[in-house]
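Remarks on the overall topology
Each chain is listed here by its residues.
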Amino acid sequence: MKYKFEQKELVFKSGRNYFDLSIDILGENGEKDKELSDNVSKLIGSEYTDYKYLEKGIKQLDDYVRNEDGSVLHDGGAGVYWQVYSDQIVIWNWINEEDRLLFEKTWIDNAALLTIGKHYYEIKNTYVTDKGYLGVTDEIFEI
């Protein structure tokens, strides 16, 4: 699996800027997998999620109740559900489900999401006001 980080600069009417950090998951052909990228970015980028929470959830070391199939359902905040199975996670946007719009459930390997998550939080710590995330490069990473 390959991925890279993107940041977009948004400028408010007041002239103040803000930088949004997201993750692009790349398919075998090198093109962005939009649904998976969007879901992973929403989950990891949620203000309610940090690396320790993500790690405990993926390793099922938190206090969430397990379903009959052994999975654990989480509400990541910011409109994202993630259901953890022994080796994979399914992520989807619940807002689309409630609005009865089409939505895509996307699957990702547990270890891959942990690796991407750890890297994301390292880059998030490089944020400098008015300059953005200094850790973002054009580099493509492979798991």
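Residues numbered from 1 in each chain as written. Predicted model: local features only at pLDDT ≥ 70, side-chain atom pairs only at ≥ 80, totals over all residues. Heavy atoms only, no water.

**Remarks on the packing of helix α1 (residues 34-45) against helix α4 (residues 110-124)**
Under the convention used in this document: Convention adopted: a line fitted to C-alpha atoms gives each axis, helices being fitted over their contacting stretch, and angles between N-to-C directions are expressed from 0 to 180 degrees. Put simply, DSSP H or I for four residues or longer makes a helix, DSSP E for two residues or longer makes a strand, and each gets a number counted from the N terminus. To sort the angles, those under 35 degrees are grouped as roughly parallel, those over 145 as roughly antiparallel, those from 65 to 115 as roughly perpendicular, and the leftovers as oblique. Take the far helix as the reference: if the near one is turned anticlockwise from it by less than a right angle, the crossing is left-handed, and if turned clockwise, right-handed. By definition in these notes, contact holds between two residues if any of their heavy atoms fall within 4.5 Å. Only Asp, Glu, Lys and Arg are considered charged, only Ala, Val, Leu, Ile, Met, Phe, Trp, Tyr, Cys and Pro nonpolar, and every remaining residue, Gly among them, polar.
Packing of α1 against α4 brings their axes to within 11 Å, and their N-to-C directions diverge by 55 degrees. Overall, the two elements α1 and α4 adopt an arrangement that is oblique. Crossing of α1 over α4 shows right-handed handedness. Contacts between α1 and α4 pair Val40, Leu43, Ile44 and Gly45 from the former with Leu113, Ile116, Gly117, Tyr120 and Tyr121 from the latter. Split into classes, the residues belonging to the contact of α1 with α4 amount to seven nonpolar, two polar and no charged.

**Focus on the nonpolar core**
Generally speaking, a soluble globular protein has its nonpolar side chains buried in company with each other. To be explicit about the condition: We call a set of buried residues a nonpolar core when its members are Ala, Val, Leu, Ile, Met, Phe, Trp, Tyr or Cys and they connect through side-chain atoms within 4.5 Å of each other. The cut-offs for exposure are 20% and 50% of the maximum accessible area for each residue type, with area from a 1.4 Å probe on protein chains only; residues under the lower value are buried, those over the upper are exposed, and the others partly exposed.
Counting residues in each nonpolar core, the largest one holds 28 residues, and the members touching the most others are Phe5, Ile23, Val40, Ile44, Ile108 and Leu113. Mapped onto this core, the elements with two or more residues apiece are β1 (2-11), β2 (17-26), α1, α2 (51-58), β4 (80-84), β5 (88-93) and α4. Per element, the largest residue contribution to this core is seven residues, and it comes from α4. Residues in contact with Ile44, not counting those within four places in the same chain, are Ile23, Thr49, Leu54, Leu113, Ile116, Gly117, Tyr120 and Tyr121.

**Here's the deal with the pattern of salt bridges**
The condition that has to hold: Should a side-chain nitrogen of Lys or Arg be within 4 Å of a carboxyl oxygen of Asp or Glu, the pair is scored as a salt bridge.
Scanning the entire structure with this criterion turns up four salt bridges. When the shortest N-O distance is used, the salt bridge between Asp38 and Lys34 registers 2.6 Å. Of this pair, Asp38 and Lys34 both sit in helix α1, separated by four residues, roughly a single helical turn. Accessibility expressed as a relative area gives 23% for Asp38, which makes it partly exposed.

**Focus: the sheet that holds β4**
Put simply, the rule is: At least two DSSP bridges between two strands are needed for those strands to be called paired.
As summarised here, the arrangement of the four strands in space is β3-β4-β5-β6, forming an open sheet in which the pairing is antiparallel. At either margin of the open sheet sits one strand with a lone partner, and together these are β3 (72-75) and β6 (106-109). Neighbouring strand axes in the sheet, compared pairwise and without regard to direction, differ in orientation by 25 degrees on average. Bridge count between β4 and β5: five bridges; the pairing is antiparallel. Following the sheet pairing, Val84 is matched in β5 by Ile89. Packed onto the sheet, α2 meets β3, β4 and β5 and runs at close to 40 degrees relative to β4.

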